[in-house]
Amino acid sequence: MSEIPLPHSAKRVVPWWLLRHETMLAVILLIALIVLGGLNNRFLTLDNLLNQGRLTTEVGLIALPMTFIIITGGIDLSVGSIVGLCAILLGYSWKNFGFPLPLAICFSLLVGAAAGFLNGIVITRVKVPPLIMTIATLALYRGLAEGISQARSVRGYPEWFYFIGQENLFGVPAQLWLLLIAIVVSAIVLDRTTFGRTLYAIGNNETAARFSGLPVDRAKLIIYTLSGFMAGLSACVLVSRVTTTRSDMGIGYELDVIAAVVLGGTSIFGGVGTIWGTVVGLAMIQLLKNGLALTGVKGDATIVVIGTVLILSTLVASSLQRRREGI
């Protein structure tokens, strides 16, 4: 007897959401939590988890606009240097210019936005590739920070300034509330607005997006400016947490941010990505660092483990993409 062929839809044995990168990464994160929790009793305590949320806020704030940028097929390697520049100018304008501290905070946020705007305007108007432009400004902004600081730090901020970086609000670190609000707003913008759909269209095919009449250059300018602004906000939170400013603040942030975004399933080629995936990627990296440190794994080995996880995640993402296309 000949076999009756099944309709194409009958082959969908596995629910589509199980094949999403974010779902697989969440499962891996859950397994990692269980394993690391079994190796060290302190790992899964509420105090430790909340403290890790406190420590990941600065990187998390920058990772949200970086998700927008990478979805469009771009990159911003200057975010760590913008953090250092904004941190120095926060302290310098307060101590040397005599700005009231609230005004100094606003000034540092404005500098961050201006730094991101410069990236965006050159990328969109002069057509310099984002990789080249942001490598150049990585060096420029870091050099400005070091030149302004002259290797001096600024301390002695008012007590109220330390609230956002060190205190709790309703039992949760204050800066974690800030990150949660930013996550919700970013997710709504990306998933539920015309602007978010424009970013996906740019990443999938920028030429087609332009011919469709979408404001490609304006959208890019907005997200690079937003990236600089959020780096400035991250600098304010960081200074509040560590109580001092130094020109080397933010070094390496760009790598942590990009790793979290890519680990969360955002394609470096553009057109694919979610805020929720970035959040899971952030949690994965921070908790792996913490869990491995608590179990006695040294820093160098931690970097190797995280690099391995990132490579495996990329391979899994490619496999899932082929699987979805084959269904």
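Residues numbered from 1 in each chain as written. Predicted model: local features only at pLDDT ≥ 70, side-chain atom pairs only at ≥ 80, totals over all residues. Heavy atoms only, no water.

**Considering the UniProt feature "transmembrane region" (unreviewed entry) in the protein chain**
UniProt's feature table lists "transmembrane region" (unreviewed entry) at residues 21–39, 59–92, 99–122, 169–190, 221–243, 255–281 and 301–320, given in the numbering used throughout. For residues 99–122, the helix share is 92%, the strand share is 0%, and the end-to-end C-alpha distance is 31 Å. In residues 255–281, helix accounts for 59% and strand for 0%; the two terminal C-alpha atoms are 13 Å from one another. (UniProt positions renumbered as here; feature names shortened; annotations may be inferred. Helix = DSSP H or I, 4+ residues; strand = E, 2+ residues; numbered from the N terminus.)

**Quick notes on the layout of surface pockets**
Over the atoms, a rolling probe the size of a water molecule traces out where space has been left empty. Size it by volume and the second largest pocket reaches roughly 330 Å³. What lines the second largest pocket is a set of 15 residues, and nearest its centre among them are Leu 49, Gly 53, Thr 56, Leu 176 and Ala 283. Looking at the lining of the second largest pocket, the elements that each hand over two or more residues are helix 2 (46–71), helix 7 (174–192) and helix 12 (275–294). Considering each element in turn, the lining of the second largest pocket owes the most residues, six residues, to helix 2. Partitioning the lining of the second largest pocket into residue classes produces 11 nonpolar, four polar and no charged. (1 Å grid on protein atoms, 1.4 Å probe; cavity = no way out; pocket = protein on both sides within 12 Å on 5 of 7 lines; lining within 4 Å. Points joined across faces, edges and corners; volume = space filled by probe spheres on them. Nonpolar A, V, L, I, M, F, W, Y, C, P; charged D, E, K, R; others polar.)

**Focus: the environment of Gly 80**
Tracing the backbone through its elements, the reader meets Gly 80 in helix 3 (residues 79–95). As for Gly 80 and Asp 256, which are separated by 176 residues in sequence, their C-alpha atoms are 9.7 Å apart. When near neighbours in sequence (up to four residues on either side) are disregarded, Gly 80 contacts Arg 142, Met 249, Gly 250, Tyr 253 and Glu 254. (Contact = heavy atoms within 4.5 Å.)

**Quick look at helix 4 (residues 101–126)**
In this model helix 4 runs 37 Å from its N-terminal to its C-terminal C-alpha over 26 residues, within 8% of the 38 Å that 1.5 Å per residue would give. Just downstream of helix 4, Lys 127 is the residue with a positive phi angle, here 65°. (Expected span 1.5 Å × (residues − 1).)

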